[in-house]
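Observations on chain architecture
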Amino acid sequence: MTLRGRLFRLSPQVFGKELSLNDFLDNHVAPKKMVILGEYHGAAPIVQLQTMIQERMAQSCVEQSKMLDHRQVIFHCDSDGEAKNDSGKHPKVRVILEHFSMDMQGILNQYHCGMLDTDELIKAYKDIGTEGHDLMPYIPALESALNNPHIRLYGGFIPRTYARMLMKEGVTRTIQEASAAGFISKKENLIGTNEHYNYFESLLTGRNMHLDPLGQNVTDRFREKMFPAQIIKDASMAWCVKNLDEILNASRLDRMLLVCGVGHMLYFHGVPERILQYANNKELAIVKSKDDMLRIACWPVSEKTHLLEHDGDDKLSVEEITAILKDAYGGAEYDAADICFLYEEERHEDDDYELIRNETQTTYDKVGHTAHLLEAGDLKKAHSIMRSLHYTQEEIDHVGLDAVNYQGVGCPHRHVDIEEGNAVLDLGSGLGVDSLIATKAVGPTGRVVGIDISGECVQHANRRAKERGVDGILEFVQSPIERIPVKHERLAAGKFDVIISNGAFCLLPNKMSGFEECCRLLKSGGKIALCTTVIKDRLEDGVEWPLCMRTFAKMNEIIPMLEKAGFVDIELDLSDSVMEVYTEEEEVPGLDGDEMKNSDMMKSQISLDHRAKETDGEVDQSRFKVHNGDGQAQFKHLENFDMNQLCARVVIKARKP
């Protein structure tokens, strides 16, 4: 099998030296008792590498088993799927996964014992619903473990609810609860080193840690809550390692493969640091020192870099590879990892669609999770932004304190007449501000339905509708805009007089499907007013653009799509198209000057819910998130572009005949 990437040493004496796959597996993986794989979640080349690693480690276990005796390893399971005789003298590879929380071990045991097949495991995982990773890309690694009696899977992270508890209730209470539940040691204090915080803060702010190794320009903004919320995950995986080593490693020949986001293992911070604390205290048999670990960090590069050969193109030179590694990790002296796996990102339209949906849902779930903290919002700034986007004072007063949760790129209410008794659909309703405004227009005889992909936002919006006493005419439903459930009685075809949207079409992966849904749901004569952001002409070739900007529709594509969907009287309103929105305040909430300048999302969507970055310490593993930490630096070159020349805020208006 051909590996879809290349492997390079990061040690000082051999920095940048390439390894063959066989050399890597036989001479680096096989001898080690512990391998830590720092990944970007869901990347197929990394899953391929993980599968190869765990199978090579299992092969070493087989060789050790033969030295012990020649009996075949057989699992016996009880009615709950709990594996018996798993702590005997047959060595195993314990694969500890960030993707599963430790309280999910029951479904992994059932999977190993044949009580769940792969599809049923994924369904059970989704039904539990606390972790939210997409397991589909991991099927090869999961089934590799299922089919090999020397490989066992384990949930390795504390449930996310504890990170949220920490943000709300503080470190002391969370340590008490988490240690009582057995997820971390009772001795754990969630204190990290200054070096670790320097690294963690750089991931959040985009500050180049290698240009500021002493952390002289570091901010303490994230030290009190977000940093401990990161550490509690590191501590839980280390605690899992200690327990497995103590309880199951009877042969003292077990091996462990730890799979976590790169932000939990680079530079010996996080998981390996916590494990070494146990090793230094002589509490581990599997690891005695850092030399017993193999740390593998993954790093994605664009297909345009020609890391691999494509149609006769030359691969990257040694000098070019070394430059990439130094830019990523700062050079050999930083000891980021032992080996780097460079791989090319595979970009297909369908993959981009799914990535956009997943990132949008994950991001806005975080927003929705803390939306109830209305008093923490800046109402003055909220009102200022809404006035700048042409909301009336009467509408702002009607929204009240909920204005702090405003999200959007314009004001659809200025572009369509909503009358008393109308049925209104708000697509991408978010936290419900525009829907609340619509309830005032439709009155007690009308109805408003909001659609949003985020379950957390929908839950918050429905709760607020009930608290405000308008739940009789206002409800929110979780659904992608392109596939609104036809079985929902209130979402039947031809039911709505007006459809509004404020920003959701910016990141809608399949805009044609979105327009077709609008036409299907409108009554004859019904109208749309969709506020969105578009590309005026085209994005320049040879420039790396953020995924969100690549998702914007081109202005000249809008009208043909609407015509094809069946609309008439189509208009693109450009009367307020400037990308920067100036308010009475000097800054947009939650972003300082540099962040505002560098944030591509600020160019597309104005959002009052700046708490999304700091809600529960969650650090998403997708590219350009905290585990990568390079998003701002990666797109710093966009400062040289005038966004007003590239993009425009528009209102799409049309009527169903």
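Fair warning: this is a prediction, and the values are worked out from it, not measured in the lab. (Residues numbered from 1 in each chain as written. Predicted model: local features only at pLDDT ≥ 70, side-chain atom pairs only at ≥ 80, totals over all residues. Heavy atoms only, no water.)

Another point: the sheet that holds strand 6 (residues 93-101). Read across the sheet, 8 strands follow the order 2-1-10-9-3-8-6-7 without closing on themselves; strand pairing throughout is mixed. The open sheet has two free edges, formed respectively by strand 2 (18-19) and strand 7 (151-157), since each of these has just one partner strand. Judged from the 6 bridges that link them, strand 6 and strand 7 form a sheet pairing that is parallel. Residue serine 101 lies in a different strand from strand 7, and its bridge partner there is phenylalanine 157. Sheet contacts for helix 3 (residues 105-112): strand 6 and strand 7; angle to strand 7, the most-contacted strand, approximately 170°. (Pairing = 2+ DSSP bridges. Helix = DSSP H or I, 4+ residues; strand = E, 2+ residues; numbered from the N terminus. Contact = heavy atoms within 4.5 Å. Axes fitted to C-alpha atoms, helices over the stretch in contact; angles between N-to-C directions.)

It is worth spelling out the pattern of salt bridges at this point. For the coordinates displayed, the defined rule picks out 24 salt bridges. Aspartate 335 is the salt-bridge partner of arginine 295, the closest N and O atoms lying 2.7 Å from each other. With arginine 295 in strand 9 (residues 293-301) and aspartate 335 in the loop between helix 11 (318-329) and strand 10 (339-344), the pair connects residues that are 40 residues apart, well separated along the chain. Close ionic contact of aspartate 338 with arginine 295 constitutes a salt bridge, the shortest N to O distance being 3.3 Å. Taken together, the residues aspartate 338 in the loop between helix 11 and strand 10 and arginine 295 in strand 9 connect sequence positions 43 residues apart. We classify aspartate 338 as buried; its relative accessible area is 18%. On the accessibility criterion, arginine 295 (1% relative accessible area) is buried. If you follow the salt bridges from partner to partner, you end up with Lys290, Arg295, Asp335 and Asp338 in one network. (Salt bridge = Lys/Arg side-chain N within 4 Å of Asp/Glu carboxyl O. Buried < 20%, exposed > 50% of the residue type's maximum accessible area, 1.4 Å probe, protein only.)

This paragraph deals with the nonpolar core. Membership of the largest hydrophobic core comes to 119 residues, with the highest contact counts inside it found for Phe24, Met34, Phe100, Leu258, Tyr329 and Leu342. Discounting residues that sit within four places of it in the chain, tyrosine 329 has contacts with Leu10, His210, Leu266, Tyr267, Ala297, Cys298, Trp299, Tyr334, Ala336 and Cys340. Grouped together as the second largest cluster of nonpolar side chains are 35 residues, Cys518, Met555, Ala565 and Ala654 included. (Core = buried A, V, L, I, M, F, W, Y, C linked by side-chain atoms within 4.5 Å.)

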